[in-house]
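Descriptive structure summary
One-letter residues, chain by chain:
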Amino acid sequence: MTDNTNTKAIQSLDAQHHLHPFTNTGALNKKGPMVIDRAEGVYLWDSEGNKILDGMAGLWCVNMGYGRKELADAAYQQMQQLPYYNTFFQTTHAPAAELAKEIASVTPGDLNHIFFAGSGSEAIDTIIRMVRQYWNIEGKPYKNILISRENAYHGSTVGGTSLGGMGGMHGQGGPLLPGIERICQPYWYGEGGDLSEEAFGLKCAQALEEKILAVGPDNVAAFVAEPIQGAGGVIVPPANYWAEIQRICKKYDVLLACDEVICGFGRTGSWFGSDTLGITPDIMSMAKGLSSGYLPISAVAVGDRISNAFIEHDDDFNHGFTYSGHPASAAVALANIKLMKKENIVEYVGKDIGPYLQKKLRDTLGDHPLVGHIEGMGLVAGIALVKDKETKEGFGDDIDIGMICRDHCFENGLIMRAVGSRMILSPPLVISHAEVDELVEKALLCFNLTLKSVS
Ligand SMILES: *Cc1c(COP(=O)(O)O)cnc(C)c1O
């Protein structure tokens, strides 16, 4: 599998027939994609036999690492016993029922009812329809506006795109959904100006209150946000931000929805980002880490207020997906959560390897001339690359510093993602101390190469 002819053959098929997501396919076809062949632990191997440290856990999802036999076995056994059955028509099956209970055992507060879907985007679409239908049941159909944030990522269905705050996405495939409003993101390093972190945190949270008053509290269904923004560049809000957001949601009876698709399942050092940041949501979405990416599955965890309304309302909720609670995906997710508990992985991230990575990044890269700022929690981090550390001045439009750095990483056996000029890390939660050392040493090497490329 590791000879060059095979690589060329796959690249050729790919160029002829494969349209890639979030990609300039024409440009990629000329260059040829890296062909990923196999994986074990935190490492990938490409079709040329190169070993690559996966600093992104796939797409923030392979939390328990590659090659976990327990997860493959769970899928294999379930596929032989019952590969598929739906949960629409007054039927259920053990994997869906047991997984719902298992998720409820780790979710915060009273989020004890679970609606299944197939992807993070579908979970977000479910939240959009569910919170609006909730207010409809409560006799307030006009309370249907959702408020989200600039530079938020909530997936790429029409619902997810509309709710998210990504300009590059809004410019394509519109028109977007009506009934969505956005406020600023709490990105203190990039947008805080002269304000202290605390003052900026307060200001960004109070933007929610201003928006609610502008559109009318009676018209606002929910505020939706990631506890820590992921695809937007790993943005950790100021410490006072979430408490103020919660105060405002309570005051105006606006539901609080957390998009935990990245933060969920240990990423920030607790089961959910909501736990780490002290948030009590009414409803939340989860996906990526739920099955460690081994099979597609997502879920919406619903608190008593909303679930009681749906359960007591004598009518169908006309929403669902063919693969809601898919038995094989559910069996894998169930095995994944059990494995996480057995290996105490959340505690490992919260108390050991998370703080270790955060310190190592700051100690090794904090003084680097390209590094403006490092932020993160647990095993997720964002590093702002700048031209001038003192003034925070960036490189301007003609130098795509993030892409230059990412290319050096690829060439040197490290997967690190670039979001604009921010470098992103989200390694598997099972990463060892020695592997963190290797990751950070490789990052330093690549930052040095990047600096050379632009000087
Ligand atoms: C990835 C992501 C989504 C979308 O999930 P898909 O499975 O790609 O549809 C939604 N919200 C957040 C926060 C994400 O990171």
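Here's a quick rundown of the structure. (Residues numbered from 1 in each chain as written. Predicted model: local features only at pLDDT ≥ 70, side-chain atom pairs only at ≥ 80, totals over all residues. Heavy atoms only, no water.)

A word on the overall build of the chain
The helix and strand tally for the chain stands at 17 helices and 15 strands. A compact globule built from 455 residues should have a C-alpha radius of gyration of about 23 Å, and the chain, at 22 Å, falls within 12% of that. Along the first, second and third principal axes, the C-alpha set of the chain runs to 65 × 60 × 45 Å. In the chain, 71% of the contacts between residues at least 6 apart in sequence involve partners at least 24 apart. Each charge class in the chain can be summarised by its mean position, and for the 37 positive and 54 negative side chains these summaries are 1 Å apart. (Helix = DSSP H or I, 4+ residues; strand = E, 2+ residues; numbered from the N terminus. Rg over C-alpha atoms; globule rule 2.2 N^0.38 Å. Contact = heavy atoms within 4.5 Å. Lys, Arg positive; Asp, Glu negative; His and termini not counted. Charge placed at Lys NZ, Arg CZ, Asp CG, Glu CD.)

Here's the deal with the packing of helix α5 (residues 94-104) against helix α14 (residues 327-342)
Orientation of α5 relative to α14, taken along the N-to-C sense of each, is 35°, at an axis distance of 8 Å. Every pair of crossing elements has a handedness; the one defined by α5 and α14 is left-handed. Along the contact surface, α5 presents P95, A96, E98, L99, E102 and I103, while α14 presents P327, A330, A331, A333, L334, I337, K338 and K341. (Axes fitted to C-alpha atoms, helices over the stretch in contact; angles between N-to-C directions. Left-handed = near helix turned anticlockwise from the far one by under 90°.)

A word on the site of the ligand
Neighbouring residues of the ligand: S119, G120, S121, Y153, H154, G155, E226, D259, V261, I262 and K288. Contact between the ligand and D259: a nitrogen atom at 2.7 Å from a side-chain N or O atom of the residue. In isolation the ligand exposes 380 Å². Once the protein is present, 82% of that is buried. By residue class, the composition of the shell around the ligand is three nonpolar, five polar and three charged. (Near = heavy atom within 4 Å. Polar contact = N/O pair within 3.5 Å; in protein donor to acceptor, adjacent residues only side chain to side chain. Areas by Shrake-Rupley, 256 points an atom, 1.4 Å probe, with all protein chains shown as cover. Nonpolar A, V, L, I, M, F, W, Y, C, P; charged D, E, K, R; others polar.)

Quick word on the environment of N144
Structurally, N144 is set in the loop between α6 (120-137) and β5 (145-149). For the pair formed by N144 and Y134, sequence separation is ten residues and the distance between their alpha carbons is 9.5 Å. Beyond its immediate sequence surroundings of up to four residues, N144 is in contact with R132, G179, N219 and A221.

Some remarks on the layout of surface pockets
Taken as a whole, the second largest pocket encloses approximately 980 Å³ of empty space. Considering the residues around the second largest pocket, the lining is formed by 27 residues, among which T87, I114, F115, F317 and H319 are closest to the centre. Looking at the lining of the second largest pocket, the elements that each hand over two or more residues are α5, β4 (113-117) and α13 (304-312). For the lining of the second largest pocket, a count of residues per class yields 15 nonpolar, ten polar and two charged. (1 Å grid on protein atoms, 1.4 Å probe; cavity = no way out; pocket = protein on both sides within 12 Å on 5 of 7 lines; lining within 4 Å. Points joined across faces, edges and corners; volume = space filled by probe spheres on them.)

Focus on the packing of helix α10 (residues 197-215) against helix α11 (residues 241-251)
Angle between the axes and distance between the axes are the two parameters that describe a pair of packed helices. For the pair α10 and α11, the least separation of the axes is 8 Å and the interaxial angle reads 15°. With respect to α11, the axis of α10 lies roughly parallel. With respect to the hand of their crossing, α10 and α11 are arranged in right-handed fashion. When α10 is examined against α11, the residues G201, L202, C204, A205, Q206, L208, E209 and I212 are found in contact with a partner set consisting of Y241, E244, I245, R247, I248, C249 and K251. Across the contact of α10 with α11, the residue classes break down as nine nonpolar, two polar and four charged. (Parallel < 35°, antiparallel > 145°, perpendicular 65-115°, else oblique.)

What to know about the packing of aromatic side chains
Any pair of aromatic rings gets described here by the distance separating the centres and the angle formed by the planes. One pass over the full model with this rule turns up eleven aromatic pairs. The interplanar angle of 50° and the centroid separation of 6.5 Å between the aromatic rings of Y43 and W45 together place this pair among those described as tilted. Judged by its relative accessible area of 11%, Y43 is buried. Its relative accessible area of 16% is what places W45 among the buried residues. (Phe/Tyr/Trp six-rings, centres within 6.5 Å; stacked < 30°, edge-to-face > 60°. Buried < 20%, exposed > 50% of the residue type's maximum accessible area, 1.4 Å probe, protein only.)

Section: the pairing of strand β9 (residues 283-286)
Burial along β9 is two-sided: I283 and S285 facing one way and M284 and M286 facing the other are all buried. Pairing between β9 and strand β10 (residues 298-302): four bridges, direction antiparallel. Paired with S285 across the two strands is V300, which belongs to β10. (Pairing = 2+ DSSP bridges.)

With respect to the side chain of S324
Along the polypeptide, S324 turns up in the loop between α13 and α14. Here S324 falls in the buried class, since its relative accessible area comes to 6%. In contact with S324, other than residues within four places in its own chain, are T87, F115, F116 and A117.

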